[in-house]
Amino acid sequence: MNLNQELVNSSNPVTTSMLISTTNSNSIASSASNSVTSPTTLSRYESQKRRDWNTFGQYLRNHRPPLSLSRCSGAHVLEFLRYLDQFGKTKVHNQLCPFFGHPNPPAPCSCPLKQAWGSLDALIGRLRAAYEENGGRPEANPFGARAVRLYLREVRDSQSKARGISYEKKKRKRLSPPQHPTPLMQAPHPPI
Ligand SMILES: [Zn+2]
């Protein structure tokens, strides 16, 4: 994990500048001046990770009763994930909804909007890395807790059923687990 940190802090982030050149391809001047003024420009993944880490820090600071990072457990991470659902934009049908299991519902319904499983999964991956990059011990990493893994699996399965979408198929095609830089709050799921 220290290696990661060194890569991030290195003054020659090769992959970062490659990412930026593809996202800012139409504004060469600004990206050129960017690279001069800030040699440590972060990749989308790195900046998203930093944002997520700040969001979690904010959550801890606002927590009642007060909660320090060192006392944070997997149960608190689950609490955080459930709290995030209110900002979700993914319609998850309940079992009584006529559109339960319909990937493409013909009409609106009153089912709740939640965070999509893919967003939560990617978020946990970023926070898990950030925790260790910020000095947390891997064996105490609350984002790697078994309860969190089980919760994510449960969310994946229930959303897969409710939305009539198979996440399994997509996953099997990939050789490595996906690490989408999906923004946390502004990740609208395309209405399929
Ligand atoms: Zn519904």
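Residues numbered from 1 in each chain as written. Predicted model: local features only at pLDDT ≥ 70, side-chain atom pairs only at ≥ 80, totals over all residues.

Where an unreviewed UniProt entry is consulted, the protein chain appears under the name ALOG domain-containing protein, with the organism given as Heracleum sosnowskyi. Within the UniProt record for the protein chain, the comment given under Sequence similarities (unreviewed entry) is "Belongs to the plant homeotic and developmental regulators ALOG protein family." For the protein chain, the Subcellular location (unreviewed entry) comment in UniProt is given as "Nucleus". (UniProt positions renumbered as here; feature names shortened; annotations may be inferred.)

A.B. asks: Help me out: how do you make sense of helix 7 (residues 146-163) in this one?
C.D. replies: For an α-helix, 3.6 residues make a turn, and residues three or four places apart therefore share a direction. The terminal C-alpha atoms of helix 7 lie 26 Å apart, and with 18 residues this matches the ideal 26 Å at 1.5 Å per residue to within 8%. What helix 7 keeps buried is the set Val148, Val155, Gln159, Ala162 and Arg163. Looking straight down helix 7, one finds its buried side chains confined to an arc of 75°; they lie on one side. Across from the buried face of helix 7, at angles greater than 90 degrees, the exposed residues are Arg146, Leu150, Arg153 and Glu154. The inward-facing, buried residues of helix 7 contact helix 5 (74-84) and helix 6 (117-133). Once helix 7 finishes, Gly164 follows within two positions and takes phi at roughly 65°, a positive value. (Helix = DSSP H or I, 4+ residues; strand = E, 2+ residues; numbered from the N terminus. Expected span 1.5 Å × (residues − 1). Buried ≥ 20, exposed ≤ 12 C-beta atoms within 10 Å, placed from the backbone. Arc of directions from axis to C-beta. Contact = placed C-beta atoms within 7 Å.)

A.B. asks: Got a minute to help me understand the packing of helix 6 against helix 7 in this structure?
C.D. replies: Angle between the axes and distance between the axes are the two parameters that describe a pair of packed helices. Viewed as axis vectors pointing N to C, helix 6 and helix 7 meet at an angle of 160°, and their least axial separation amounts to 9 Å. As far as their axial angle goes, helix 7 and helix 6 are roughly antiparallel. Where helix 6 crosses over helix 7, the two elements pack in a sense that is left-handed. Packed against helix 6, whose contacting residues are Trp117, Leu120, Asp121 and Ile124, the element helix 7 presents Val148, Leu152, Val155, Arg156 and Gln159 at the interface. For the contact of helix 6 with helix 7, the class distribution of residues is six nonpolar, one polar and two charged. (Axes fitted to C-alpha atoms, helices over the stretch in contact; angles between N-to-C directions. Parallel < 35°, antiparallel > 145°, perpendicular 65-115°, else oblique. Left-handed = near helix turned anticlockwise from the far one by under 90°. Nonpolar A, V, L, I, M, F, W, Y, C, P; charged D, E, K, R; others polar.)

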